[in-house]
Amino acid sequence: MFHTILIANRGEIACRVIRTARKLGIRTVAVFSDADADAQHVRLADEAHHIGGARPQDSYLRGDAIIEVAKKSGAQAIHPGYGFLSENADFADAVLAAGIAFIGPSGTSMRKMGSKAGAKDLMAAAGVPVVPGYTGEEQSPDLLLREADAIGYPLMIKAAHGGGGKGMRIVRAHDEFLANLESCQREARNAFGRDRVLLERYIEHPRHIEIQVFGDAHGGAIHLNERECSAQRRYQKVLEESPSVFLTPELRARMGAAAVQAAHAIDYANAGTVEFIVGADGGFYFMEINTRLQVEHPVTEEVTGLDLVEWQLRIAAGERLPLAQEQIRQHGHAIEVRLYAEDPDAGFLPGSGTLQTLRLPAASRNVRIDSGVVEGDTVTIFYDPMIAKLITWDVDRPRALARLREALAACEIAGPKSNIAFLERLARHPAVVGGSIDTGYLDRHLDEFLTPAETDRVLLLAAATTRLLAQEADARSAAASSSDPGSPWAIADGWRLGHGGSRRLAFADGAARIELVARGHGGDYAIDLDGTSHAISGARIEGDALSARIDGGMHRFHALSEGDDVLVHDGRQRLRLRAEAVYRREGGDAGSAEHRIRAPMPGRVVVVQKQPGDAVAAGDVVLVIEAMKMELALKAPRDGVLAELRAQAGDFVEGDAVLATLEQ
């Protein structure tokens, strides 16, 4: 076994590898960029070395700098994690050429899977089922259009290189093909440096099921059963679980055998995932092999009791597979979701900023947290905005889902916006609870998972009550520390607090403003909301729990009031509000914002579709920027004429910068 390994990655996966290495007594070496000088993986490793600037191409994609650090630190092997250089065949070869072990498959195996087109041809030759389509080298638009017509619609255009949902489009009619082809090729070119595409039949309402495989350098290959990843948004997985409720024992056995067959076809060694698309009739087809450890690997670990990173290390050190196929056991059910700094109500716009609050559930046999950040850390614009992976396990699926809902209710993130509320709705949705969700369901029914247009009235009253009790507690504290506690101005009674008459409260709920009027004190209030008076009685906070009788019914909430932020959770849904000044200056420049188009976050302009003097309609795309691995279309806020364009394709722009204006 190795005595020292270098981890060529950052964040959650780097911390994950460090944990297993430490368990095995292996010394770890981390690398970091300018943006990660104080990151958790840097603090956890035994030593860490700076390798360049904040942008990935200036640091984590610099294979030469990483290999140099490995040599200098005496590392015997390099673990690439996932993303960055993990599926770069040239890097794997360079590591071996430097006399260092690569903890992953060979560059030769990667190259066989590096092209989706070549991979499909290879798998078809090996007898693995593949979806009908076109994988040829000829890429002229006219030929691709003819091939598309021959395959039939709907069909999928897919970038031949890369993954992660990039460079993929569904086309449902002949006249939609060329526009989608151009967009797909542009995205592939920006993400992977190559714009070759393949075409394949689109399977309606498919399931996405992947099989975890392992191979060794001695010709052995086995599978560790499946993970179902059908809950997706724009081809990005949002919930993964094992076992799949869709698979029968017979179908599971056939898919597992096909996955092992695929691994043998490319002489695969180390961890890999064979991904299949499965039709409603149970027909399954090869999609791709991910030649690395998957983000969702903890799901398999929880149901098998195995440490997949330990297996990676042992196989890279030359050992045989630790277990034979018949020795693989599976117990219980595991589910994983990913907590992201993103705003689901704004098209899942990635976020960044300091994690002012990060509270996650305590780890236990039923709850696992894999994270690369702690409270006070910064989610940077340069990398994936994942905050943590939340994995729950129990003896069966209903209990695992219940554990997931409990764990999500215990999460709180302040600073950048997060997807916690979205995940809570996902974990309770009938399509997930019933196990019927397919890969397109979220995109077809996204509004079912977003914040309701109308805030729940009971939650809102609970938030107002929490705010009132917190203000009274602050007043009592101030009175107790007063230089003259006997003064009537230091008495924390209803008169002093303003409750003898009435008091106004104002909150921001996203872009909406909510105003209430409250009377009373000490947990007994009359709160006027939208012309209706509501009776609150017996309200009190003990720890982080609020109990109160609201309009005669007793309720209990998880409740927090910190500064101007108020959070309440009833066990099913959460509400976070921010207290605002009750009185606001009239006027301002709110209306003038209607003529500006701003960058929602830092990024690079990739397309400019309109020029000064062009007429635009509300919703027309004016520019497209690329930020945090996404293309974001910036649209005209109203009908008008474009007056000014302040950015061109290729420009890097700051968040909130005005990129274009309309004539006023």
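Computed from a predicted model, the values in this text were never measured in an experiment. (Residues numbered from 1 in each chain as written. Predicted model: local features only at pLDDT ≥ 70, side-chain atom pairs only at ≥ 80, totals over all residues. Heavy atoms only, no water.)

Q: I keep staring at the overall build of the protein and nothing clicks. Help me out?
A: A tally of regular secondary structure across the protein gives 17 helices and 39 strands. Taking 2.2 N^0.38 as the reference for a compact globule, 664 residues should give roughly 26 Å; the C-alpha atoms of the protein span a radius of gyration of 28 Å, in line with that estimate. Dimensions of the protein, computed from the C-alpha atoms along their principal axes, are close to 85 × 65 × 55 Å. Accessible surface, the protein: about 27,600 Å² in total, of which carbon and sulfur atoms supply 49%. (Helix = DSSP H or I, 4+ residues; strand = E, 2+ residues; numbered from the N terminus. Rg over C-alpha atoms; globule rule 2.2 N^0.38 Å. Areas by Shrake-Rupley, 256 points an atom, 1.4 Å probe, with all protein chains shown as cover.)

Q: Mind showing me how you'd approach the packing of aromatic side chains here?
A: Both the distance between ring centres and the angle between the ring planes are used here to describe each pair of aromatic rings. Following the criterion strictly, the structure yields ten aromatic pairs and no others. Geometrically, the ring pair formed by Tyr60 and Phe84 is stacked, given 5.1 Å between the ring centres and 25 degrees between the ring planes. In this pair, Tyr60 is assigned in the loop between strand 3 (47–52) and helix 3 (63–73) and Phe84 in the loop between strand 4 (77–79) and helix 4 (89–97), connecting sequence segments 24 residues apart. When its relative accessible area of 0% is taken as the criterion, Tyr60 is described as buried. Overall, the relative accessible area of 28% leaves Phe84 in the partly exposed class. The rings of Tyr60, Phe84, Phe382 and Tyr383 are connected pair by pair, giving a single aromatic cluster. Between Arg233 and the ring centre of Phe348, over which it is positioned, the NZ or CZ distance is 3.8 Å. One Lys or Arg, Arg365, reaches over the ring of Trp393 and ends 3.7 Å from the middle of that ring. (Phe/Tyr/Trp six-rings, centres within 6.5 Å; stacked < 30°, edge-to-face > 60°. Buried < 20%, exposed > 50% of the residue type's maximum accessible area, 1.4 Å probe, protein only. Lys NZ or Arg CZ within 6 Å of the ring centre and 35° of its normal.)

Q: Sorry if this is basic, but what is going on with the sheet that holds strand 8 (residues 168–171) here?
A: In a beta sheet, neighbouring strands pair by backbone hydrogen bonds and run either parallel or antiparallel. What the four strands build is an open sheet, ordered 6-9-7-8; its pairing is antiparallel. Edge positions in the sheet fall to strand 6 (133–134) and strand 8, since each of these pairs with one other strand and no more. Here helix 7 (residues 141–151) sits on the sheet in contact with strand 6, strand 7 (155–159) and strand 9 (197–201), set at roughly 15 degrees to strand 9. (Pairing = 2+ DSSP bridges. Contact = heavy atoms within 4.5 Å. Axes fitted to C-alpha atoms, helices over the stretch in contact; angles between N-to-C directions.)

Q: Explanation requested: the pairing of strand 35 (residues 621–627) in the structure shown.
A: Of all seven residues that make up strand 35, five are buried, and the element is covered over most of its length. Bridge count for strand 33 (residues 603–608) against strand 35 is four bridges, and the pairing is antiparallel. Paired with Val608 across the strands is Leu623, a residue of strand 35.

Q: How should helix 11 (residues 308–316) be read in this particular structure?
A: Helical geometry: 3.6 residues make up each α-helical turn, so side chains three or four residues apart lie on a common side. Of all nine residues that make up helix 11, seven are buried, and the element is covered over most of its length. For helix 11, the complete set of buried residues consists of Leu308, Val309, Glu310, Trp311, Gln312, Leu313 and Ile315. Regarding helix 11, its N-cap is Asp307, as a side-chain oxygen of that residue lies 3.1 Å from the backbone nitrogen of Val309 further along. Gly318 occupies a position one or two residues after helix 11 and carries a positive phi of about 100 degrees. (Polar contact = N/O pair within 3.5 Å; in protein donor to acceptor, adjacent residues only side chain to side chain.)

Q: Could you clarify how one ought to interpret the sheet that holds strand 26 (residues 524–529) in this entry?
A: Spatially, eight strands are ordered 24-25-26-27-28-29-30-31 in a closed barrel, and the strand pairing comes out antiparallel. On average, each strand axis in the sheet is inclined to that of its neighbour by 35 degrees, with strand direction left out of account. Two strands pair when backbone bridges link them, and strand 24 (residues 503–509) and strand 25 (residues 512–521) are joined in this way by seven bridges, in the antiparallel orientation. For Ala506, the partnering residue across the bridge sits in strand 25 and is Glu515.

Q: Just checking my understanding: could you explain the packing of helix 12 (residues 397–409) against helix 13 (residues 420–428) for this structure?
A: Two quantities define a packed helix pair, namely the angle between the helix axes and the distance between the axes. Packing of helix 12 against helix 13 brings their axes to within 10 Å, and their N-to-C directions diverge by 160 degrees. Considered as vectors, helix 12 and helix 13 are oriented roughly antiparallel to each other. Along this stretch, helix 12 crosses helix 13, giving a crossing that reads as left-handed. Two secondary-structure elements touch here, helix 12 through Leu401, Leu404, Arg405, Leu408 and Ala409 and helix 13 through Ile420, Leu423, Glu424, Ala427 and Arg428. Of the residues that constitute the contact of helix 12 with helix 13, the class distribution is seven nonpolar, no polar and three charged. (Parallel < 35°, antiparallel > 145°, perpendicular 65-115°, else oblique. Left-handed = near helix turned anticlockwise from the far one by under 90°. Nonpolar A, V, L, I, M, F, W, Y, C, P; charged D, E, K, R; others polar.)

Q: Quick question: what am I supposed to make of the pairing of strand 11 (residues 221–233) here?
A: Both faces of the sheet carry side chains from a regular strand, because those side chains alternate between them. Burial analysis of strand 11 places 13 of its 13 residues in the buried class, the great majority of the element. As paired strands, strand 10 (residues 207–215) and strand 11 are joined by six bridges and run antiparallel to one another. Following the sheet pairing, Glu210 is matched in strand 11 by Arg227. The turn joining strand 10 and strand 11, which pair antiparallel and follow one another in sequence, is formed by five residues; a positive phi near 90 degrees is taken by Gly219. The hairpin formed by strand 11 and strand 12 (residues 236–242) contains two residues between the paired strands, and Arg234 there has a positive phi angle of roughly 50 degrees.

Q: Sorry if this is basic, but what is going on with the packing of helix 5 (residues 107–114) against helix 6 (residues 116–125) here?
A: Viewed as axis vectors pointing N to C, helix 5 and helix 6 meet at an angle of 100 degrees, and their least axial separation amounts to 6 Å. When the axis of helix 5 is compared with that of helix 6, the two are roughly perpendicular. Facing helix 5, whose interface residues are Lys112, Met113 and Gly114, helix 6 presents Lys116, Gly118, Ala119, Leu122 and Met123. Looking at the contact of helix 5 with helix 6 residue by residue, the class counts come to four nonpolar, two polar and two charged.

Q: Would you take a moment to explain the environment of Ala94 for this structure?
A: Looking at where Ala94 falls in the secondary structure, it is placed in helix 4. Since its relative accessible area comes to 32%, Ala94 is described here as partly exposed. Sequence spacing of Ala94 and Gly107 is 13 residues, and the spatial spacing of their C-alpha atoms is 9.2 Å.

Q: What's the story with unusual backbone geometry in this structure? I'm lost.
A: Glycine aside, the phi torsion of most residues is negative, and most peptide linkages are trans. With an omega of 0 degrees, the peptide bond between Tyr153 and Pro154 qualifies as cis. With respect to the helices, strands and loops of the structure, Pro154 is situated in the loop between helix 7 and strand 7. Phi at Asp530 takes a positive value of approximately 50 degrees, unusual for a residue other than glycine.

Q: Which parts of the structure should I look at to understand the state of the cysteines?
A: Disulfide: a covalent bond connecting the sulfur atoms of a pair of cysteines. Summed over all chains, the structure comprises zero disulfides. No disulfide involves Cys411; its sulfur sits 17 Å from the nearest other cysteine sulfur, which is in Cys15. Here Cys411 falls in the buried class, since its relative accessible area comes to 1%. (Disulfide = S-S within 2.5 Å.)

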